[in-house]
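# Reading the structure
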Amino acid sequence: MNARTPRNGCPDRVALSVWADTGADPAIARHVAACPDCRMVVDGYRSFDAAVRRAARPPADLADRVWAACLSAPADSPTIIIPVWMHAVRIAAAALIVGAVTAVVFVLGGSPAARNPALAQAETEGAALAVGLARPTIYIPFAGTGGGYPSLATEPIDSSRLTRVATTDPEAAVPPLPVSLRGSPVVLDNFVHHVWVVGDVRASEHELLGALPESATPLCTNRTDRSVCLKVILADRQLQQLVNRMQDAGWALVSPGLPQPGEESRLLATGKDVVYTVDLVAR
Amino acid sequence: MSDTGTKLSDAEIIARFKDGDVAIFQKLVDRYAGRAYQIAYGVLGSREDAEEVAQDVFVRIFRSLGRFRGDSEFTTWMYRIAMNLARNKYRWNKSRGARREISLQETLSDDETRALIQLAEERPSPDLANELNEFETNVMKEIDNLPPLYREALVMRNIDEMSYEQIAHALGCKLGTIKSRIARAREELRKRLGV
Ligand SMILES: [Zn+2]
């Protein structure tokens with residue numbers, strides 16, 4: 001290819017190409033104006049550019065679909081803010097409740113890590129697990145992080161597993177945390193994932209949609225006969241009110257993460273937005 | 001939930017996101033999803049793949065923006081993610097087509113790219129062919145046949161407001177390399193199209 005110095009007196013093709021884009025060099029401008037060969041070359045470049053621009057034009061509704069994809073992506077294991085003094089206490093708590101892990105793993109059945117990336121990750125990191133069922137709240141200390149809660153699932157929910165969880169007496173499975181472990185109010189993470197066990201999934205979904213503020217635009221990311229997954233952005237206070245209403249409707253919250261129904265005092269509400277992922281699973 | 005009336009800078013949007021205004025992220029999507037798409041299109045030459053990459057880019061940014069330290073411009077960061085994901089997808093597509101196992105963790109060198117060009121199958125015509133005139137269709141067909149390093153530079157140049165400096169930054173190349181690649185891409189097209 002002769003990208004350089006194609007003819008005596010003509011600029012090389014790299015210079016011509018740069019000039020076609022920038023128009024920065026007056027000497028090249030004068031030359032192109034006077035040289036039909038170079039003008040033809042530059043015209044060719046510009047016609048390619050126009051074709052590329054047209055072909056690479058994004059679809060008009062691309063941004064809507066990209067935003068929907070952001071909202072429907074599986075949530076990471078959310079983290080919470082834990083005061084420094086609690087780190088030492090968490091270690092003690094992990095030892096205290098590590099026995100409960102066996103029970104919880106049994107409750108979840110089979111090999112939960114194989115089906116649940118969050119649990120698998122926690123296991124491979126050698127983290128001590130403790131899971132809370134409805135109330136009381138149980139902390140999950142993750143190795144090497146500032147602490148966190150598990151998300152019970154990042155995949156479509158296996159309702160049989162949850163049914164078994166829901167029918168297990170939480171008080172018997174896991175002892176309540178000492179009050180000293182509850183800590184001061186925390187700010188919610190940007191992502192909250194809750195699994196609720198409900199009677200009728202369709203009716204509950206309808207009820208949930210009716211309870212959302214008008215400004216909220218929920219997105220359904222998964223629907224099966226016995227479960228539905230919705231995502232919606234809510235302010236932290238709105239979310240607390242919503243989970244209170246869900247509890248009042250007689251649904252059972254399986255996930256330990258804040259906000260918990262009736263536990264406003266544990267939430268440091270700042271008005272921030274939270275992406276709330278809610279799985280409704282048939283009892 | 002979010003203020004939609006004012007024109008905020010990228011840095012202001014990111015600051016508000018970090019303060020908990022998650023919904024404001026949509027402004028970044030509105031602003032830049034098209035750019036991510038165009039970058040991916042430049043590498044992949046497929047609208048479907050480009051959209052998939054654009055979604056992946058923003059899902060990843062959405063998840064990690066809270067940890068973005070702002071050492072570089074948001075756009076530079078976004079271009080790099082888009083380019084890396086698009087190249088990974090390109091390599092994945094090709095390795096699948098050629099039944100060759102290549103780790104997705106590897107970075108793509110120029111030599112590897114050349115080797116992959118040899119392996120590349122005939123790319124199907126762009127699916128928007130019936131929207132374009134004959135000349136545009138021919139240009140796109142030949143652009144699809146260009147070596148990816150030339151194609152991506154040329155396509156990035158044609159994305160609004162991407163200067164040579166920005167392209168060099170996004171591709172991690174010297175300015176002169178970018179000028180040369182774009183010129184070579186154009187010369188190659190001229191030769192193939194007889195313009
Ligand atoms: Zn000339």
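Placed above this text is the structure.
Residues numbered from 1 in each chain as written. Chains lettered and ligands numbered in written order. Predicted model: local features only at pLDDT ≥ 70, side-chain atom pairs only at ≥ 80, totals over all residues. Heavy atoms only, no water.

Let's shift gears to the overall build of chain B. A count of helical and extended segments in chain B gives nine helices and zero strands. For chain B, the N- to C-terminal ordering of α and β elements is α-α-α-α-α-α-α-α-α. A buried classification covers 54% of the 195 residues belonging to chain B. Across chain B, contacts joining residues at least 24 apart in sequence account for 56% of those joining residues at least 6 apart. Here chain B has roughly 9300 Å² of accessible surface; of this, 44% comes from carbon and sulfur atoms. (Helix = DSSP H or I, 4+ residues; strand = E, 2+ residues; numbered from the N terminus. Buried < 20%, exposed > 50% of the residue type's maximum accessible area, 1.4 Å probe, protein only. Contact = heavy atoms within 4.5 Å. Areas by Shrake-Rupley, 256 points an atom, 1.4 Å probe, with all protein chains shown as cover.)

Inspection of the secondary structure assignment puts A:R223 in strand β2 (residues 219-223). Each residue touching A:R223, except ones within four places of it in the same chain, is listed here: A:R202, A:E205 and A:V228.

Residue and element names in this part refer to chain A. Read across the sheet, five strands follow the order β2-β3-β5-β1-β4 without closing on themselves; strand pairing throughout is mixed. Among the strands making up the open sheet, the edge pair consists of β2 and β4 (252-253). Where strand β1 (residues 191-198) and β4 come together, two bridges link them in antiparallel fashion. Paired with V197 across the strands is A252, a residue of β4. Across the sheet, helix α10 (residues 201-211) touches β1, β2, β3 (227-235) and β5 (273-282), and the angle it forms with β3 is around 10°. (Pairing = 2+ DSSP bridges. Axes fitted to C-alpha atoms, helices over the stretch in contact; angles between N-to-C directions.)

Residues and elements named next belong to chain B. Enumeration over the complete set of coordinates arrives at 18 salt bridges over all chains. Between E52 and K89 there is a salt bridge, with the nearest N and O atoms lying 3.3 Å from each other. Taken as a pair, E52 in helix α3 (residues 47-64) and K89 in helix α4 (residues 74-97) lie far apart in primary sequence, 37 residues in all. R87 is paired through a salt bridge with E152; the nearest N and O atoms lie 2.6 Å apart. Of this pair, R87 sits in helix α4 while E152 sits in helix α7 (residues 148-157); the two residues are 65 residues apart in sequence, bridging distant segments of the chain. (Salt bridge = Lys/Arg side-chain N within 4 Å of Asp/Glu carboxyl O.)

What follows deals with the packing of helix α8 (residues 164-171) of chain B against helix α9 (residues 175-193) of chain B. Residues and elements named next belong to chain B. Across the interface, α8 lies against α9 with an axial gap of 9 Å and an inter-helix angle of 105°. When the axis of α8 is compared with that of α9, the two are roughly perpendicular. For the pair α8 and α9, contact is made by Y164, E165, I167, A168 and L171 and by L175, I178, K179, R181, I182 and R186, respectively. Within the contact of α8 with α9, the residues separate by chemical class into seven nonpolar, no polar and four charged. (Parallel < 35°, antiparallel > 145°, perpendicular 65-115°, else oblique. Nonpolar A, V, L, I, M, F, W, Y, C, P; charged D, E, K, R; others polar.)

A few words now on the interface of chain B and chain A. Taken residue by residue, the interface counts 51 residues in chain B and 46 residues in chain A. Where chain B abuts chain A, roughly 4400 Å² becomes buried across the two surfaces, and 64% of that area is made up of carbon and sulfur atoms. Taken together, the links from chain B to chain A amount to five salt bridges. Taking the shortest distance from any N to any O, the salt bridge between B:R186 and A:D21 comes out at 2.9 Å. The interface formed by chain B and chain A holds 13 residue pairs in polar contact (both at pLDDT 80 or more) in total. Listed by contribution, the elements that provide at least two residues to the side of chain B that touches chain A are α2 (25-44), α3, α6 (134-145), α7 and α9 of chain B. Among the elements that line the side of chain B that touches chain A, the one with the most residues is α9(B), at eleven residues. (Buried area = accessible area lost by both parts, 1.4 Å probe. Polar contact = N/O pair within 3.5 Å; in protein donor to acceptor, adjacent residues only side chain to side chain.)

Residue and element names in this part refer to chain A. Every protein donor of the zinc ion is listed here as C10 (SG), H31 (NE2), C35 (SG) and C38 (SG), and their distances to the metal cover 2.1 to 2.3 Å. Mapping the donors of the zinc ion onto the primary sequence gives the spacing C-x20-H-x3-C-x2-C. The exposure classification of C35 matches that of C38, with both residues buried. (Donors = N, O, S within 2.8 Å, 3.2 Å for Na, K, Ca; no water.)

As a further point, take the packing of aromatic side chains. Here the distance between the centres and the angle between the planes together describe a pair of aromatic rings. Per the stated rule, a full pass over the model turns up 14 aromatic pairs over all chains. On the numbers, 5.5 Å between centres and 90° between planes, the contact of A:F191 with B:F62 is edge-to-face. Of this pair, A:F191 sits in strand β1 while B:F62 sits in helix α3, each in a different chain. We note that A:F191, like B:F62, is buried. (Phe/Tyr/Trp six-rings, centres within 6.5 Å; stacked < 30°, edge-to-face > 60°.)

Turning next to the nonpolar core. Counting residues in each nonpolar core, the largest one holds 88 residues, and the members touching the most others are B:F25, B:V57, B:F58, B:F62, B:L65, B:F74 and B:M78. In terms of residues, this core owes the most to one element, α2(B), which gives twelve residues. B:M78 has contacts with B:Y32, B:R35, B:A36, B:V57, B:F58 and B:I61, leaving out every residue within four places of it along the chain. Formed by 27 residues, the second largest nonpolar core is a distinct cluster that contains A:V186, A:V201, A:W251 and A:L280. (Core = buried A, V, L, I, M, F, W, Y, C linked by side-chain atoms within 4.5 Å.)

The next subject is the side chain of A:E205. If you trace the backbone, A:E205 turns up in helix α10. Those residues in contact with A:E205, other than ones at most four positions away along the chain, are A:R223, A:V228, A:L230 and A:L280.

As a further point, take the pairing of β3(A). All names here are of chain A. Taken across its nine residues, β3 has nine buried, putting it largely inside the fold. Neither face of β3 is left uncovered, since the one carrying S227, C229, K231, I233 and A235 and the one carrying V228, L230, V232 and L234 both have all their residues buried. Looking at chain direction, β2 and β3 are connected through four bridges and run antiparallel. Opposite R223, over in β3, you have V228 as the bridge partner. Joining the antiparallel neighbours β2 and β3 is a turn of three residues. In the sheet, β3 pairs with β5 via nine bridges, with the strands oriented antiparallel. Within β5, the position partnered with S227 by the bridge is V281.

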